[in-house]
Amino acid sequence: MLLLTKAVFAIMIGFLFSVCLGLFLVPLLKKLNVGQRISVFVGENHRKKEGTPTMGGLIFIIPTIVITLFLLLTNKIAYSDNLAIVLIVFAGFAVIGFLDDFLSIKRHNNEGLTTYQKFFGQIIISTIFFYIYMRNGGQTSWVVGTLHIDLEMGWLYGLFILFILIGSSNAVNITDGLDGLAGSLSAIAFIAFALISFMVGFEDIGIFCLILVGCLIGFLVFNTHPAKVFMGDTGSLALGGVMGAVAILTHRELTLLVVAGIFVIETLSVILQVIWLKCFHKKLFLMTPLHHHFEKMGWKETDIVKLFCTFGLLLAMGGILFGVWL
């Protein structure tokens, strides 16, 4: 009963805090002329969104960090190295995304940080992750009991962490292309990981996930169609990075592929498109990521988001079963 109370409180306080911040931040971003530059390759419907404020990820990033720290300081959540890692990854990837958005706006194009600059930042965060994790005696083997996998990786586990953080952050970043899509799918995924965390003994991570869920729902008040603000790389990189961190810390790396299945499919659509073009000199999809393929087929943006979220919810439910079964 106490855990249920904590869970409800986490979602509610996250929602209220993010909505209040959004009411202040969205007009401020408009006033500062922090507008999103839209790619020339997308359709006319997206071109109309030119100038919509970006960096909206701050609406759920700031409240999530502040609420988590407050609960830590008031001893409502017990401190753990795992929770410290989650906060560092969340804040660190948010900083990378913020710099990318800031430079894009300053240069009046979609070119922010270079790939190498982003990668360097991700290496630093992953190194901090690995250091704190090892200091706490974390396991360096990849274990999947039901598949009889027990692979000792040693120092290579640090590279494994880097691979998952980069992969998950880029996957959410790629998916962030329609109003409310990445935010909704992320909320669904973090609900799943919260339940898994509770069931496998990581209550602190579970509470963090639910705080983030509440903040994401508050953000969606401003981000659903027609969006008043975009999360930008500030939000998408932070969400993807911390999603990967949660999967690693709860030892549910394979579960991530299921829970975040739509993000994985979106990323694979881009990879397959590139391979298909190189090998057969023609497109496999009308446009990638996959949500743009549906747009080219004439689907409404809201219908695509509904479809993807429906499948995202089904995958999340399957991921919960898979994650506990593991």
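The model shown is predicted, which means the values in this text are computed figures rather than measured ones.

Details of the overall build of the protein chain
- Counting its regular elements, the protein chain contains 13 helices and 2 strands.
- Burial status across the protein chain gives 54% buried among its 326 residues.
- A sequence separation of at least 24 residues applies to 74% of the contacts in the protein chain between residues at least 6 apart.
- Counting only carbon and sulfur atoms, one obtains 71% of the accessible surface of the protein chain, whose full area is about 15,400 Å².
- The centroid of the 20 positive side-chain charges in the protein chain is displaced by 8 Å from the centroid of its 18 negative side-chain charges.

A word on the pattern of salt bridges
- Under the criterion given, the structure shown has 4 salt bridges.
- Between Asp-81 and Arg-135 there is a salt bridge, and its shortest N-O distance comes to 3.2 Å. With Asp-81 in helix α4 (residues 81-107) and Arg-135 in helix α5 (residues 115-135), this pair connects stretches of sequence that are 54 residues apart.
- Ionic pairing is found between Lys-118 and Asp-233, a salt bridge with its closest N-O pair at 3.9 Å. Linking Lys-118 in helix α5 with Asp-233 in helix α9 (residues 232-249), this pair joins segments that are 115 residues apart in sequence.
- Its relative accessible area of 22% is what places Lys-118 among the partly exposed residues.
- Residues joined in a network through salt bridges with shared partners are Asp-100, Lys-118 and Asp-233.

Remarks on the nonpolar core
- One finds Phe-60, Phe-90, Phe-129, Phe-190, Phe-193, Leu-212 and Met-243 to be the most contacted residues of the largest nonpolar core, which totals 93 residues.
- Those residues in contact with Leu-212, other than ones at most four positions away along the chain, are Phe-60, Thr-64, Phe-90, Phe-190, Leu-239 and Val-242.

What to know about a nonpolar patch on the surface
- Taken together, the side chains of Leu-268, Ile-271, Leu-272, Ile-275, Trp-276, Phe-280 and Leu-284 present a nonpolar region at the surface, about 600 Å² in accessible area.
- Take Leu-272: it is sitting in helix α11 (residues 261-280).
- When its relative accessible area of 39% is taken as the criterion, Leu-272 is described as partly exposed.

The rules we used
- For every chain, the first residue of its written sequence is number 1, and the numbers climb from 1 along that sequence.
- For this predicted model, a pLDDT threshold of at least 70 governs which residues receive local features, and a threshold of 80 or more governs which side-chain atom pairs are given and counted, while totals over whole chains, interfaces and linings are taken from all residues.
- No hydrogens and no water enter the side-chain calculation; it runs on all heavy atoms of the structure.
- In this description a helix means any DSSP run of H or I spanning at least four residues, a strand means any run of E spanning at least two, and both kinds are numbered starting from the N terminus.
- Classification of residues uses two cut-offs on accessible area relative to the type maximum, computed with a 1.4 Å probe and protein chains only: under 20% is buried, over 50% is exposed, and between them is partly exposed.
- By definition, residues are in contact when any of their heavy atoms lie within 4.5 Å.
- The accessible surface values rely on the Shrake-Rupley method and a 1.4 Å probe; as for residues, cover is taken only from the protein chains in view.
- Charge assignment in this entry is limited to Lys and Arg as positive and Asp and Glu as negative, and neither His nor the chain termini are counted.
- Lysine's charge is taken at NZ, arginine's at CZ, aspartate's at CG and glutamate's at CD.
- Each salt bridge in this description consists of a side-chain nitrogen of Lys or Arg and a carboxyl oxygen of Asp or Glu lying within 4 Å of one another.
- In plain words, nonpolar cores are sets of buried Ala, Val, Leu, Ile, Met, Phe, Trp, Tyr and Cys residues tied together by side-chain atoms within 4.5 Å.
- Within this analysis, patches are made of residues with over 30% relative accessible area and no salt bridge. Like charges are joined at 9 Å or less; nonpolar side chains (Val, Leu, Ile, Met, Phe, Trp, Tyr) at 5 Å or less.

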